[in-house]
Structures are given as structure tokens and as C-alpha cells.
Protein chains: 2
Amino acid sequence: MNEVFRALSDPTRREILRLLRARDMTAGELAERFPLAKSTLSGHFSVLRHAGLIVQERRRTSIVYSLNLSAVEETIAGVLSLLKTGRDGKEGS
Amino acid sequence: MNEVFRALSDPTRREILRLLRARDMTAGELAERFPLAKSTLSGHFSVLRHAGLIVQERRRTSIVYSLNLSAVEETIAGVLSLLKTGRDGKEGS
DNA sequence: TCTGTATTTCGTCAAATGCAGAAATAAACA
DNA sequence: TGTTTATTTCTGCATTTGACGAAATACAGA
């Protein structure tokens, strides 16, 4: 959970999620959308992947990233309930 | 929105929100719950306040903090829809 | 106004973060 | 195996962050 929030705290990473919401994209396609070095984007992918927010899959020479939508929803819903109910946030829906 | 995510990315700040979920507390009461200097906690309060997640109110000699629950819910719900639908996240519920 | 209590602001420091370019790795294919 | 393409890992640097203690501010009451 900690990692998820840290991942979401960066605007570039949230924009990556937004792009992946529309369709799966390769690392290179994503990198083209930002005025940043590919190595920098690769680092952002890594953070998002460790947080479970995206998944990667190798397809021929490229690596395709896709949004792990259910993980995103679960996480945010979990936080919502954590802030609404009276428990300690260990158990979810 | 950016500020909200940055505010939520720190574990101490999320714990502050959890404590305030139970009841309003003064800055001193909150500070007692953490092994940190009061000045450090004051900084966290400031971040949470600027993000709109908590509100403060002076009561006699103390400053009472309370959770801005509706803001929290709105924010997280907004993010949820931003990740689910195909728009740009400017319009919400 | 002076004192005591509660909280924030300031100055400083160590650690973490985001970035770039260079080198390394992985896969497809001649 | 050697080459090309796609991506990641490594190294170094500048900025930001979270932490502390000391000083400053705000308010209530003698």
C-alpha cells in the first residue's frame, strides 16, 4: 500500500497510467509521449510495476505495458474504506 | 490533486488521518502518538492542510485538527473514475 | 505587561528522488 | 556468432524531503 501511494505521488507516473488506460503500449511508445530520457521512463515503469499498478509482457522485440486496473481499483477502494470505517485498514472489501 | 497524492504518500501522514478518523485532536495530542519532534509533526499537518485533507480550528490555547472527510472521499472517488473512464479527469461525480 | 502553554517557523543536515548519458542486457535474425 | 532494435541498469548530479533543536509567534490569564 505504501508503495502504491509513493508510485501515485509522481505526476509523470500518473500520466503513464492515464495513457495505459486507453490501450496497452510498449516502453518505447510511452517514452515518446514524454520529454524525458528513456532511462528515466524506465525507472518510472519499475516503480509502477513494483507497486503492482502495471504489468509487463514481452512481445517479440518489445516490452508491452498494461494497466493492472483491478489492482488500482482495489487499492483506492481499500483506502476509501480505510478512511470511512473504524478499523485498522488490514481487511478490505 | 497533485498535492493530495504527495500528502498521502507519507506513512506518518496517513496515520495522522487514521487517528483523526476516530476523533478530532489537538496538534499536541497527535504529536504524542508519534516518536517524532513536534516541529516535524507540524510540518506534516501543514502538508495535509494544504492538500485540503484536514482543517484546523483554534480552541482556546490549542489548535484542533479534524479530518476533511468529504474532501478525502471526493478525491479518491475522483481518481477512481479517472482510472476507469475515458476522459481527462477534470469532471467528477 | 509579563508569564506560561501550545504550536509554528527557521536553519541545517542526511537520505531519498528524479534526471541524463553510457554501458549492459535481451531477443530476433542474417 | 555478429548485428540491430528495444529496454534496463549503472553512475553521478541537483533538488526535494523528512528530521531535529532553537527561536519565534499566538493566546490566556495573573
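Residues numbered from 1 in each chain as written. Chains lettered and ligands numbered in written order. Predicted model: local features only at pLDDT ≥ 70, side-chain atom pairs only at ≥ 80, totals over all residues. Heavy atoms only, no water.

Chain A has the name Winged helix-turn-helix transcriptional regulator in an unreviewed UniProt entry, where Eiseniibacteriota bacterium is given as its organism.

Trainee: Mind laying out unusual backbone geometry, listing which residues take part and the relevant values?
Mentor: The backbone phi angle of Arg60(A) is positive, close to 55 degrees, even though this residue is not glycine. Assessed through its relative accessible area of 79%, Arg60(A) is described here as exposed. (Buried < 20%, exposed > 50% of the residue type's maximum accessible area, 1.4 Å probe, protein only.)

Trainee: A description of the sheet that holds strand β1 (residues 25–26) of chain B should follow, citing residues and the corresponding values.
Mentor: All names here are of chain B. Overall, antiparallel pairing links the three strands, which are arranged β1-β3-β2 in an open sheet. Each having just a single partner strand, β1 and β2 (54–59) make up the two edges of the open sheet. Packing against the sheet, helix α2 (residues 11–22) makes contact with β1, β2 and β3 (62–67), and its axis sits at approximately 90 degrees to β3. (Pairing = 2+ DSSP bridges. Helix = DSSP H or I, 4+ residues; strand = E, 2+ residues; numbered from the N terminus. Contact = heavy atoms within 4.5 Å. Axes fitted to C-alpha atoms, helices over the stretch in contact; angles between N-to-C directions.)

Trainee: I'd like to hear about the protein's contact with DNA strand C, residue by residue, with values.
Mentor: Near DNA strand C, the surroundings consist of 24 residues, among which Ala37(A), Thr40(A), His44(A), Arg60(A) and Tyr65(B) are the closest. A share of 78% of the atoms of DNA strand C within 4 Å of the protein falls on sugar and phosphate groups. Within the backbone of Gly28(B), a nitrogen or oxygen atom sits 2.8 Å from a phosphate oxygen of DNA strand C. Contact between DNA strand C and Tyr65(B): a phosphate oxygen at 2.4 Å from a side-chain N or O atom of the residue. Going through the elements one at a time, α4 (38–50) of chain A together with α3 (27–32), α4 (38–50) and β3 of chain B are the ones with two or more residues in the surface near DNA strand C. It is α4(B) that contributes the most residues to the surface near DNA strand C, four residues altogether. Here the surface near DNA strand C is composed, by residue class, of seven nonpolar, 11 polar and six charged. (Near = heavy atom within 4 Å. Polar contact = N/O pair within 3.5 Å; in protein donor to acceptor, adjacent residues only side chain to side chain. Nonpolar A, V, L, I, M, F, W, Y, C, P; charged D, E, K, R; others polar.)

Trainee: A description of α4(A) should follow, citing residues and the corresponding values.
Mentor: All names here are of chain A. Compared with the 18 Å implied by 1.5 Å per residue over 13 residues, the 18 Å span of α4 between its first and last C-alpha is a close match. Those residues of α4 that are buried are in contact with α1 (2–8), α2 (11–22), α3 (27–32), β2 (54–59) and β3 (62–67). One or two residues past the end of α4 sits Gly52, with phi positive at roughly 80 degrees. (Expected span 1.5 Å × (residues − 1).)

Trainee: Residue-level account of the pairing of β2(B), with values.
Mentor: All names here are of chain B. Sheet analysis places β2 next to β3, joined by six bridges and oriented antiparallel. Bridge assignment links Glu57 to a residue of β3, and that residue is Val64. The turn linking β2 back onto β3 is made up of two residues, and Arg60 within it adopts a positive phi angle of 55 degrees.

Trainee: Go over the protein's contact with DNA strand D, please, and point to the residues and values.
Mentor: The local shell around DNA strand D holds 24 residues, among which Tyr65(A), Ala37(B), Thr40(B), His44(B) and Arg60(B) are the closest. Note that a phosphate oxygen of DNA strand D is positioned 3.2 Å from one of the backbone N or O atoms of Ala27(A). Arg13(B) is positioned such that a nitrogen or oxygen atom in its side chain is 3.1 Å from a phosphate oxygen of DNA strand D. Listed by contribution, the elements that provide at least two residues to the surface near DNA strand D are α3, α4 and β3 of chain A together with α4 of chain B. The dominant element in the surface near DNA strand D, judged by the number of residues it contributes, is α4(A), at four residues. Its residues placed into classes, the surface near DNA strand D shows seven nonpolar, 11 polar and six charged.

Trainee: Residue-level account of the sheet that holds β2(A), with values.
Mentor: Hydrogen bonding along the main chain pairs the strands of a sheet, whether they run parallel or antiparallel. Residue and element names in this part refer to chain A. Strand order across the open sheet formed by three strands is β1-β3-β2, with antiparallel pairing between neighbours. Looking at the sheet topology across the chains shown, the edges are occupied by β1 (25–26) and β2. Two strands pair when backbone bridges link them, and β1 and β3 are joined in this way by two bridges, in the antiparallel orientation. Bridge pairing links Thr26 to Val64 in β3. Sheet contacts for α2: β1, β2 and β3; angle to β3, the most-contacted strand, approximately 90 degrees. The strands touched by α4 within the sheet are β2 and β3, with β2 carrying the most contacts at an inclination of about 120 degrees.

Trainee: Quick one: what's the story with α4(B), residue by residue and with numbers?
Mentor: Residue and element names in this part refer to chain B. Among all positions of α4, only Leu41, His44, Phe45, Val47 and Leu48 are buried. All buried residues of α4 project into a common sector of 160 degrees when viewed along the axis, lining one side. Exposed and facing more than 90 degrees away from the buried side of α4 are Ser39 and His50. The secondary structure elements touched by the buried residues of α4 are α1 (2–8), α2, α3, β2 and β3. (Arc of directions from axis to C-beta.)

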